[in-house]
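# Topology and contacts: notes
As a plain string of letters, each chain reads:
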Amino acid sequence: MDKLIVNGTANLKGSINIYGAKNAALPIMACSLLSDQNLKLNNLPNVEDINSMKKLLYNFGSNIITKKRSIIIKNNRVKNKLADYDLVRKMRASILVLGPLLSRFKEAKISMPGGCSIGTRPIDLHLFALSKLGAKFKYKDGYVIGKVNGTLNGASIVFPRKSVGATENSIMAAVLAKGNTEIINAAKEPEVFDLCNCLNSMGATITGHGTSKIKIKGVEKLYSSNHNIISDRIVAGTFIIAAILLNKTFIIRNFNTQNLDSLFNVLEKMGAQMKIKSNSVKIFPSRPLKGITLTTKPYPGFPTDLQAQIMTLMSVANGKSQIKENIFENRFMHVPELNRLGADIKIKNDVAYINGNRQFKGAQVMASDLRASVSLVLAGLSAYGKTTINRVYHLDRGYEKIEKTLGKCGPKIKRLT
Ligand code: EPZ
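Note that the structure is predicted; figures quoted are calculated from it, not measured. (Residues numbered from 1 in each chain as written. Predicted model: local features only at pLDDT ≥ 70, side-chain atom pairs only at ≥ 80, totals over all residues. Heavy atoms only, no water.)

### Here's the deal with the overall build of the protein chain
Note the cut-off: In this text, helices come from DSSP runs of H or I with a minimum length of four residues, and strands from runs of E with a minimum of two, each type numbered from the N-terminal end. The quantity called the radius of gyration is restricted to C-alpha atoms. Its globule counterpart is 2.2 Å times the number of residues to the power 0.38. Whether a residue is buried, partly exposed or exposed follows from its accessible area with a 1.4 Å probe, protein chains only, as a fraction of its type maximum: under 20%, in between, or over 50%, in that order. His is not counted here, nor are the chain ends, while Lys and Arg score as positive and Asp and Glu score as negative. Taken as the charge location is NZ of Lys, CZ of Arg, CG of Asp or CD of Glu.
On a plain count of helices and strands, the protein chain comes out with 14 helices and 24 strands. Relative to the globule expectation of 22 Å for 417 residues, the C-alpha radius of gyration of the protein chain, 21 Å, shows essentially globular dimensions. C-alpha extents for the protein chain along the principal axes are approximately 65 × 45 × 40 Å. Counting every position in the protein chain, which comprises 417 residues, the buried fraction comes to 58%. With 61 positive and 28 negative side-chain charges, the protein chain shows a spacing of 3 Å between the two charge centroids.

This is the structure in structure tokens:
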């Protein structure tokens, strides 16, 4: 298993370009199953989760041509509709093929995704919504087996709680259903918005995306398209936090800054100095920072995927901070590791209490999930001495080789294979 050696305290200069959003690309790659024509996708990130989704699609019989950050997917010879345990356990987002398979092929057999280190990750909301559209489910040997008699039929789906994945699965099932569907209490994340834009470019008729009420008129068929994946707001937010943590002048380019309003509001309250343009942000030395209290929420609230990273920044701010994690039940796995690096964080139920004014010192730490691992990289960059981060396969799922992308802006990060 690879490990990273991060040399602190790191320098950081110049600028960095942000690439495509993994969490937009994954549902959009899954939606290629809805059509038998070419779907060309551009601006893809070179991260492990994209490779996992390619493997899953190959397993169904997809034809995929990869050219740098673009792929062309063709699903005119889909034979198998089974997503086996080995493929699904590596990436929970595999569940996103359920809606498309049921919608176009009327059947699917998917291994139950199982939990991960941030929570049990149930799929009840996915199954609730797909059942509303007419799918029938049974469970056998850890698999969920879905069937559709005839076609799916448009329905009104009222989600009791917001879910990004369940919203995406419902949209992908409804686009080929007979009649109209409305989704109430839909997720409003930019990645859901991007999926709907891509589906509309393939011939779907979706309106209201980006709001909590989405309407879909079922169509007979979807066609080919050429879609540019939106840039990754979470990767952008991670590098913005890194620049403020290291107290450097640095530019983060090529992403829609409107998608990070909640982060900018928090950073401005902490005293960060930033010049925000529509497609880039310039960070200026901002110390001293002030502590702050925040709660993670569904979009447009503060994203849970930036919770670990802002916690690292709070550790060096003046005074106390608090984070209430409202989305996942166990998303504080980075806390004991940050404490090993010199942070002073206590957890009580779903709230983390962070004492500031800390100086990180290098140590051996263990990554536990994607965003926890990058919070350890940030702490290592700001620490005195060397930090060794084990199990970096977690990091590689959502960040392109960080020793190269960040490395070319100054930090000395070495990968040991
Ligand atoms: C998506 O996961 C993202 N993954 C996650 O990013 C992100 O943290 C999450 O949305 C929240 O923004 C992808 O897009 C591939 P949810 P998803 O359904 O769809 C509960 C990362 O780091 N829930 O909005 O799985 C669930 O347990 C990853 O890139 C149910 O109870 O998130 C959680 O507590 C991590 N039943 C809450 O809802 C369900 O059927 C929100 O989950 C589904 C979810």
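### Re the packing of helix α8 (residues 233–245) against helix α10 (residues 307–316)
For clarity, the threshold we go by: Orientation is described by lines fitted to C-alpha atoms, with helices fitted over the stretch in contact, and by angles between N-to-C directions that extend from 0 to 180 degrees. Small angles under 35 degrees read as roughly parallel and large ones over 145 as roughly antiparallel, with 65 to 115 read as roughly perpendicular and the rest as oblique. Between two residues, a contact is recorded if the distance between any of their heavy atoms is within 4.5 Å. Under this grouping Gly is polar, as are all residues other than the nonpolar Ala, Val, Leu, Ile, Met, Phe, Trp, Tyr, Cys and Pro and the charged Asp, Glu, Lys and Arg.
Direction vectors running N to C along α8 and α10 enclose 10 degrees, while the axes themselves pass 9 Å from each other. Relative to α10, α8 is oriented roughly parallel. Residues I234, T238, I241, I244 and L245 of α8 form the contact with α10, whose participating residues are Q309, I310, T312, L313 and V316. A class-by-class count of the residues in the contact of α8 with α10 yields seven nonpolar, three polar and no charged.

### A closer look at the pairing of strand β13 (residues 213–217)
Which entries qualify depends on this criterion: DSSP-based pairing: two strands are paired if at least 2 bridges between them are found.
Burial of β13 is one-sided: the residues I214 and I216 facing one way are buried, the residues K213, K215 and K217 facing the other way are not. Alignment of strand β12 (residues 205–207) against β13, held across three bridges, turns out to be antiparallel. Of the residues in β13, the one forming a bridge with T205 is K217. Hairpin remark: β12 followed by β13, antiparallel, with five residues in the connecting loop; positive phi at G208, about 85 degrees.

### Considering the packing of helix α5 (residues 124–132) against helix α6 (residues 164–174)
Basically, it comes down to this: With the far helix as reference, a near helix turned anticlockwise by less than a right angle produces a left-handed crossing, and one turned clockwise produces a right-handed crossing.
Orientation of α5 relative to α6, taken along the N-to-C sense of each, is 25 degrees, at an axis distance of 8 Å. Taken together, the axis directions place α5 and α6 in an arrangement best described as roughly parallel. Helix-helix and strand crossings are classified by hand; for α5 and α6 the assignment is right-handed. Touching L125, H126, A129 and L130 of α5 are G165, A166, N169, S170 and A173, all from α6.

### A word on the site of the ligand
Note the threshold: If even one non-hydrogen atom of a residue comes within 4 Å of a molecule or strand, that residue is called near it. Nitrogen and oxygen atoms within 3.5 Å of one another constitute a polar contact, given that in protein one can donate a hydrogen and the other can accept it, and given that sequence-neighbouring residues count only through two side-chain atoms. Reported accessibility uses the Shrake-Rupley method at a 1.4 Å probe radius. Residues are deemed covered only where the shown protein chains occlude them. Boundaries between domains were set according to an automatic or database domain assignment.
Among the 22 residues in the neighbourhood of the ligand, the closest are listed as D124, L125, S163, D305 and I327. Here an oxygen atom of the ligand and a side-chain polar atom of S163 are 2.7 Å apart. About the coverage of the ligand: the protein hides 86% of its 830 Å² of free accessible area. For the shell around the ligand, the elements supplying multiple residues, two or more each, are α1 (22–31), α5, α6 and α12 (370–382). At three residues, α5 tops the list of elements feeding residues into the shell around the ligand. When the residues that make up the shell around the ligand are grouped by side-chain class, the tally is nine nonpolar, five polar and eight charged. Two domains each donate at least three residues to the shell around the ligand, and these are domain 1 (3–19 + 231–416) and domain 2 (22–228).

### A look at the sheet that holds strand β21 (residues 351–355)
A sheet is described by the order of its strands in space; here four strands give the open sequence β18-β19-β21-β20, paired in mixed fashion. Edge positions in the sheet fall to β18 (293–295) and β20 (344–348), since each of these pairs with one other strand and no more. Each adjacent strand pair in this sheet contributes to an overall mean axis angle of 15 degrees, direction not counted. Relative to β21, β20 runs antiparallel, the two being bridged by five bridges. When the sheet's bridge partners are listed, K348 is paired in β21 with V351. The sheet contacts of α10 involve β18, β19 (320–324), β20 and β21, and relative to β19 the element is tilted by about 170 degrees.

### A short note on the domain arrangement of the protein chain
Stated formally: Values labelled buried area give the accessible surface lost by two parts on being combined, using a 1.4 Å probe and summing over both.
With domains assigned, the protein chain is organised as domain 1 (3–19 + 231–416) and domain 2 (22–228). The centre of domain 1, based on its C-alpha atoms, is set 30 Å off from the matching centre of domain 2. The partner domain 2 presents 22 residues to the 23 residues of domain 1 that form the contact. Overall, the association of domain 1 and domain 2 removes approximately 1,800 Å² of surface from exposure, summing both partners, and the carbon and sulfur fraction of that is 49%.

### What about the packing of aromatic side chains?
Here is the rule we go by: Stacked, edge-to-face and tilted are the three classes for Phe, Tyr and Trp ring pairs, Trp counted by its six-membered ring, which pair at centre distances within 6.5 Å; planes under 30 degrees apart are stacked, over 60 edge-to-face, the rest tilted. Over a ring means this: the NZ of a Lys or the CZ of an Arg is within 6 Å of the ring centre and within 35 degrees of the ring normal.
Scanning the model with the defined rule gives one aromatic pair in all. Positioned above the aromatic ring of Y143, the side-chain terminus of K109 is 5.0 Å from the ring centre.

### Considering the nonpolar core
Most often, soluble globular proteins keep nonpolar side chains buried together rather than apart. Put simply, the rule reads: We call a set of buried residues a nonpolar core when its members are Ala, Val, Leu, Ile, Met, Phe, Trp, Tyr or Cys and they connect through side-chain atoms within 4.5 Å of each other.
Among the nonpolar cores identified, the biggest contains 74 residues, and I110, I171, V175 and L199 are the most heavily contacted of them. No other element matches the seven residues that α1 contributes to this core. Sequence-distant contacts of L199, defined by excluding residues within four places in its chain, comprise C31, L34, I171, M172, V175, A204, I206 and L222. Judged by nonpolar contacts, the second largest core, of 71 residues, contains L4, A272, L306 and I354.

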